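Each chain, written out:
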Number of protein chains: 2
Amino acid sequence: MDKNANPEKGHICESINNSVKPDLSDLYDLAELYKVFGDMSRVRILVALTGGERCVYHLAEHLEMGQSAVSHQLRVLRNAGLVRPRREGRTVYYALDDEHVSEILEAGLEHVIHKKRGVQ
Amino acid sequence: MDKNANPEKGHICESINNSVKPDLSDLYDLAELYKVFGDMSRVRILVALTGGERCVYHLAEHLEMGQSAVSHQLRVLRNAGLVRPRREGRTVYYALDDEHVSEILEAGLEHVIHKKRGVQ
DNA sequence: CCTTAGTATGAATAAGTGTTCATATATTCA
DNA sequence: TGAATATATGAACACTTATTCATACTAAGG
């Protein structure tokens, strides 16, 4: 088949591998998603949550962050659909929303660790 | 440095799945990596490069960006080790540095598309 | 050499972002 | 009801960052 025939939009996203073809709106969402991962506090929160659900206070204590800062970042993660809250009395427990989240973390970690070991 | 860098906490990064245990420095690098992906211009450049190497001018034209903006972003991608330049005369062709890059893109895209289809 | 094409870079500006502080909301218990 | 605890939110600040403009660099051709 002709793969290089379309100068307009063709070659750029024939499909990243073999799955679905991403359009501009998908790439916008993709960048927004990665923007959420692009902060150490949020990454640490997410990694902490890979060990199971945690309450806000526990997160703040463990990550040595202010409670307000943690809450703010949890909201960002919530709005991005990455974490899910569960209320129990006065306490709110947060958990990863689905397994995609840890998959994304792992894809990045693999790259990071691979680069690190490769350079030294 | 950290006032309370106590590694005895343990539960946070027992290992994300089954691979290597990420430390604080890894998570810093991870956030920095995602920060690079967290911009639509850069994502579009990377996605364009999944179709093979492209020169700067071609990228600028295709993405409807200024040549300077593309160059600036290519430098960010280069410094992050995500793309690799190859000079041929006056033209510089850029390509993805390794297959990890498209894997990371795919992991995010899967999530994005899944969310999109799931909500409606 | 000079000119031209392709790319890179520095400075400036505008827009965005994470944290802190103060305060508000929500829930439990006395 | 009122106090205490857990979390959320708004505003302000410092800081980062993506783009544009102008210019410098690099290679090819005359």
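A quick note: this is a predicted structure, and the numbers were derived from the prediction, not measured.

Peer 1: For this particular structure, what's the right way to read the packing of aromatic side chains?
Peer 2: The relation between two aromatic rings is expressed through the spacing of the ring centres and the mutual angle of the planes. One pass over the structure, following the stated rule, counts 3 aromatic pairs over all chains. Grouped by ring-pair contacts, the aromatic residues A:Y34, A:F37, B:Y34 and B:F37 constitute a single cluster.

Peer 1: Is there a simple way to think about the pairing of strand β2 (residues 83–88) of chain A in this case?
Peer 2: Put simply, side chains in a regular strand alternate between the two faces of the sheet. Residues and elements named next belong to chain A. With 6 bridges joining them, β2 and strand β3 (residues 91–96) adopt antiparallel strand pairing. Its bridge partner lying in β3, E88 is registered against T91. The turn joining β2 and β3, which pair antiparallel and follow one another in sequence, is formed by 2 residues; a positive phi near 70° is taken by G89.

Peer 1: Can you walk me through the relation of the copies chain A and chain B in this structure?
Peer 2: Note on the identical chains: chain A maps onto chain B by a rotation of 180° and an axial translation of 0.0 Å, with an RMSD of 0.0 Å. The operation mapping one copy onto its partner corresponds to a two-fold rotation axis. Looking at chain A, 93% of its interface residues are interface residues in chain B too, so the copies touch through the same face.

Peer 1: For this particular structure, what's the right way to read the sheet that holds β2(A)?
Peer 2: Strand pairing within a sheet occurs via backbone hydrogen bonds; the two strands may be parallel or antiparallel. Strand order in the open sheet formed by 3 strands is β1-β3-β2 (chain A), and the pairing between neighbours is antiparallel. Every interior strand has two partners, whereas the edge strands, β1 (54–55) and β2 of chain A, have only one.

Peer 1: Help me out: how do you make sense of the protein's contact with DNA strand D in this one?
Peer 2: For DNA strand D, the set of nearby residues contains 23 residues, the closest of which are A:S68, A:Y94, B:S41, B:S68 and B:Q73. Within 4 Å of the protein, the contacting atoms of DNA strand D are 61% sugar and phosphate, with bases supplying the remainder. At a separation of 3.4 Å, a phosphate oxygen of DNA strand D approaches a polar side-chain atom of A:R78. Between A:Y94 and DNA strand D, the recorded distance is 2.4 Å, taken from a side-chain N or O atom to a phosphate oxygen. Of all the secondary-structure elements, those providing two or more residues to the surface near DNA strand D are α3 (56–63), α4 (67–79) and β3 of chain A together with α2 (40–49) and α4 (67–79) of chain B.

Peer 1: Explanation requested: α4(A) in the structure shown.
Peer 2: Residues and elements named next belong to chain A. The terminal C-alpha atoms of α4, which comprises 13 residues, lie 18 Å apart, in line with the 18 Å expected from a rise of 1.5 Å per residue. Along α4, the residues classified as buried are V70, Q73, L74 and L77. Projected onto a plane normal to the axis of α4, the buried residues spread over an arc of 110° and lie on a single side. Residues of α4 that are buried in the fold lie against α1 (24–37), α2 (40–49), α3, β2 and β3.

Peer 1: Is there a simple way to explain the pattern of salt bridges in this structure?
Peer 2: Side-chain pairs of opposite charge can arise where the charged atoms are in close proximity. Enumeration over the complete set of coordinates arrives at 14 salt bridges over all chains. Taking the shortest distance from any N to any O, the salt bridge between A:E88 and A:R86 comes out at 2.7 Å. One salt bridge connects B:D97 with A:K115, and the closest N-O pair in it is separated by 3.2 Å. In this pair, B:D97 sits in the loop between β3 (91–96) and α5 (99–119) while A:K115 sits in helix α5 (residues 99–119), so the two residues belong to two different chains. Residue classification places A:K115 among the partly exposed positions, given a relative accessible area of 26%. Three or more residues are tied together by salt bridges with common partners; here these are A:D26, A:D29 and B:K116.

Peer 1: Please clarify how the sheet that holds strand β2 (residues 83–88) of chain B should be interpreted in this entry.
Peer 2: All names here are of chain B. The 3 strands are arranged β1-β3-β2 in an open sheet whose pairing can be described as antiparallel. If you trace the sheet from one side to the other, it starts and ends with β1 (54–55) and β2, each paired once. Pairing analysis gives 2 bridges linking β1 to β3, with the strands arranged antiparallel. What sits directly across from C55, in β3, is Y93. Its contacts with the sheet place α4 against β2 and β3, and it is angled at close to 120° to β2.

Peer 1: What should I look at first to understand the protein's contact with DNA strand C in this one?
Peer 2: Within the structure, DNA strand C sits among 24 residues, and A:S41, A:R42, A:Q73, B:S68 and B:Y94 are positioned closest to it. For DNA strand C, the backbone makes up 60% of the atoms found within 4 Å of the protein, where backbone means sugar plus phosphate. The contact in question runs from a phosphate oxygen of DNA strand C to an N or O atom on the backbone of B:Y57, over 2.9 Å. If you list the elements that add at least two residues to the surface near DNA strand C, you get α2 and α4 of chain A together with α3 (56–63), α4 and β3 of chain B. The element contributing the most residues to the surface near DNA strand C is α4(B), with 6 residues. Broken down by class, the residue content of the surface near DNA strand C amounts to 6 nonpolar, 10 polar and 8 charged.

Parameters at a glance
Residues numbered from 1 in each chain as written. Chains lettered and ligands numbered in written order. Predicted model: local features only at pLDDT ≥ 70, side-chain atom pairs only at ≥ 80, totals over all residues. Heavy atoms only, no water. Phe/Tyr/Trp six-rings, centres within 6.5 Å; stacked < 30°, edge-to-face > 60°. Pairing = 2+ DSSP bridges. Helix = DSSP H or I, 4+ residues; strand = E, 2+ residues; numbered from the N terminus. Least-squares fit on C-alpha atoms with pLDDT ≥ 70 in both. Contact = heavy atoms within 4.5 Å. Near = heavy atom within 4 Å. Polar contact = N/O pair within 3.5 Å; in protein donor to acceptor, adjacent residues only side chain to side chain. Expected span 1.5 Å × (residues − 1). Buried < 20%, exposed > 50% of the residue type's maximum accessible area, 1.4 Å probe, protein only. Arc of directions from axis to C-beta. Salt bridge = Lys/Arg side-chain N within 4 Å of Asp/Glu carboxyl O. Axes fitted to C-alpha atoms, helices over the stretch in contact; angles between N-to-C directions. Nonpolar A, V, L, I, M, F, W, Y, C, P; charged D, E, K, R; others polar.

Spatial relationships are all this shows, so hold off on functional conclusions.
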